Amino acid sequence: MAIRTLLRARISTHYFALTIFHHNHTPPTKSKIFPHYPLPLFSAHHFTCLLHRANFTSTTDPQHSNSHLISELSRILSDHRNPHNDIESALNPFSDKISANIVEQVLKRCKNLGFSAHRFFIWANKLSGFLHSKESYHILVDILGSSKQFPLLWDFLVELKRNKSCELGQDIFWIVFRSYSRANLPVDAIRSFDKMIDFGITPSVVDVDQLLLALCKRKHMKEAKQFFDRVKDEYMLSVKSYSIMMRGWGETVEVIEAQKLFDEMLERGSSVDLLAYNSILESLCKAGKMDDAYNLFVKMRSMGLKPDAFTYAVFIRAYCVKDDIHSAFRVLDRMKRYKLVPNVFTYNVIIKKLCKSDKVEDAYQLIDEMIDRGVKPDCWSYNTILAFHCDHNEVNLALRLISKMEKNGCLPDRHTYNMVLKMLVKVGRFDRVEKVWESMEGRKFYPSVSTYAVMIHGLCQKKGKLEEACKYFEMMIDEGIPPYGETCELIRNKLIGLGFAEQTEILADKMERSTSCLIQELTNVMRRNKSRARLRREKECSNSDE
């Protein structure tokens, strides 16, 4: 609420200034940062953005209302990361609006806020008549694991077992396997498998596969092999288990180990299926043994196994890695003859290689082919081409591509906007910068810290654009988005370097008044050089007096 009040106050001031400017043609209110410049602090578009975010739009739409509530709650979690912060008092005014779905959405948005997300979950659980969804329990376990709060995670699981508020299934432990593997704690991932029995869950071969998958994905092959050897007789592992291990060895280019497993399967009399062949083919291709892979491919077909789209995709990716785009297209043509359609990831590999080879027109043709064959290009598909245009400062082509994205039902993402805004600022097309920034609101994209950083850092490099950079910095603070420390330092150093040292205090005061604890903590960064400069001047004066 404090943010909305602050924004409304700012909007009233700037609306008055803009009205005077448009109707009386008199100078608008001077900037607080640059008082001698008769320029409005915000453009008309910035005024519109602030109106939207201050909730001046209609709140009768439940979807809009929920979205605003989720944003408010997420802000509270971000502002109360410190264990000593009184998060409960901040959340209590929203208690009558909480639902299981709202809690889910807030947790999904705050996946990097382990401690405060846990406190929010507990607070909601105490509300009268409230019940968490099963999905919320899973999300919280994932959050605690991702933030490496493992003692808290196990306390949470023990509490679940005790009060039976949610069924403790094997899928929760799969999340734990992945969390430990991501944290480079493979031994603990294996221990969590062994703990399943303590929670009343008898592990099965499915759980073995999930643990192997988590370990292999993070390339913990030493531990994966030890676990595999330990359980392979006890659980009668399937072809899928072997395939997971073979793909893992392939990722680490240990094709000999992959081949050993393949031979072991044959010796055990296992029915080697297409999944197993695809796994060993992928291992061979990643090791650069294309001839061996092709010979195995021929043998596979002679045995009656019919290659699928993944089989051919393995060869396409390998040829692109070897810079052999012509062979990649030959494989693609063969897929067409067999009426096999590559997925978007396979197409993206080719698009990336085409753009690196300066064959951007062919990349466009591939986008059209994808659409014709029913494969929807994703942001990665378009962003790869966009990166080429931005690297070559091709403004019109870049903006046309963004329009094409939207026309084809793919909304631009953070990387899209960051690339194009960086290019536009670099080449000095500030008219287009304003239009792109304005279009973000219409596409329901709200800039994050990285997008603001692109604008601020870019503008600081352009002559006469420091005030514009400060405007975007102020917008960040008003939005409650903590800037990067280096962004604060850049703004501070530029202001001091151009003789506006005292103006850093205005920004520092604004940061100090923010409801965000993280922004408040950055106040010292904004004031640091000013303090040093004052001490240096005092020392110089002292020396001259002597």
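Residues numbered from 1 in each chain as written. Predicted model: local features only at pLDDT ≥ 70, side-chain atom pairs only at ≥ 80, totals over all residues. Heavy atoms only, no water.

1. Re the overall build of the protein
When its secondary structure is counted, the protein shows 30 helices and 0 strands. Per-residue burial for the protein yields a buried fraction of 50% across its 546 residues. (Helix = DSSP H or I, 4+ residues; strand = E, 2+ residues; numbered from the N terminus. Buried < 20%, exposed > 50% of the residue type's maximum accessible area, 1.4 Å probe, protein only.)

2. Some points on the packing of aromatic side chains
Each aromatic ring pair is specified by the distance between its two centres and by the angle formed by the two planes. Inspection of the entire model under this criterion finds 20 aromatic pairs. The positively charged end of Lys-195 is found above the aromatic ring belonging to Trp-154, 4.2 Å away from the centroid. Lying across the ring of Phe-430, Lys-465 places its NZ or CZ 4.2 Å from the centre. (Phe/Tyr/Trp six-rings, centres within 6.5 Å; stacked < 30°, edge-to-face > 60°. Lys NZ or Arg CZ within 6 Å of the ring centre and 35° of its normal.)

3. As for the confidence of the model for the protein
Parts of the prediction with low pLDDT should not have their coordinates interpreted in detail. Of the residues in the protein, 85% have a pLDDT of 70 or more, and the chain-wide mean is 86. Per-residue pLDDT stays below 50 along residues 1–32; that stretch engages in 56 contacts with residues further than four places along the chain or on separate chains. Between residues 35–60, whose pLDDT stays under 50, and residues either more than four places distant or in other chains, the model counts 71 contacts. (pLDDT = per-residue confidence, 0-100. Contact = heavy atoms within 4.5 Å.)

4. A short note on helix α25 (residues 449–460)
Each full turn of the α-helix corresponds to 3.6 residues, which orients residues three or four apart in the same direction. When the terminal C-alpha atoms of α25 are compared, their 16 Å separation across 12 residues agrees well with the 16 Å that a helix rising 1.5 Å per residue should span. With respect to burial, α25 is a largely interior element, 10 of its 12 residues being buried. Of all the positions in α25, only Ser-450, Thr-451, Tyr-452, Ala-453, Val-454, Met-455, Ile-456, Gly-458, Leu-459 and Cys-460 are classed as buried. Residues of α25 that are buried make contact with α23 (414–427), α24 (430–442), α26 (466–479) and α27 (485–497). (Expected span 1.5 Å × (residues − 1).)

5. Some points on helix α8 (residues 150–163)
Across its 14 residues, α8 extends 20 Å between first and last C-alpha, which sits within 8% of the 20 Å expected from 1.5 Å per residue. Of all the positions in α8, only Phe-150, Leu-153, Trp-154, Phe-156, Leu-157 and Leu-160 are classed as buried. Along α8, the residues classed as buried sweep out an arc of 155° about the axis, all on the same side. Facing away from the buried side of α8 by more than 90 degrees, the exposed set consists of Pro-151, Asp-155 and Arg-162. Packing partners of the buried residues in α8 comprise α6 (114–125), α7 (134–146), α9 (170–182) and α10 (186–195). In the segment just after α8, Lys-164 is the residue with positive phi, at about 55°. (Arc of directions from axis to C-beta.)

6. Some words on the environment of Thr-523
Among the structural elements, Thr-523 can be located in helix α30 (residues 523–545). Separated by 35 residues in the primary sequence, Thr-523 and Cys-488 place their C-alpha atoms 8.7 Å from one another. Not counting chain neighbours up to four residues away, the residues in contact with Thr-523 comprise Ala-508, Met-511 and Glu-512.

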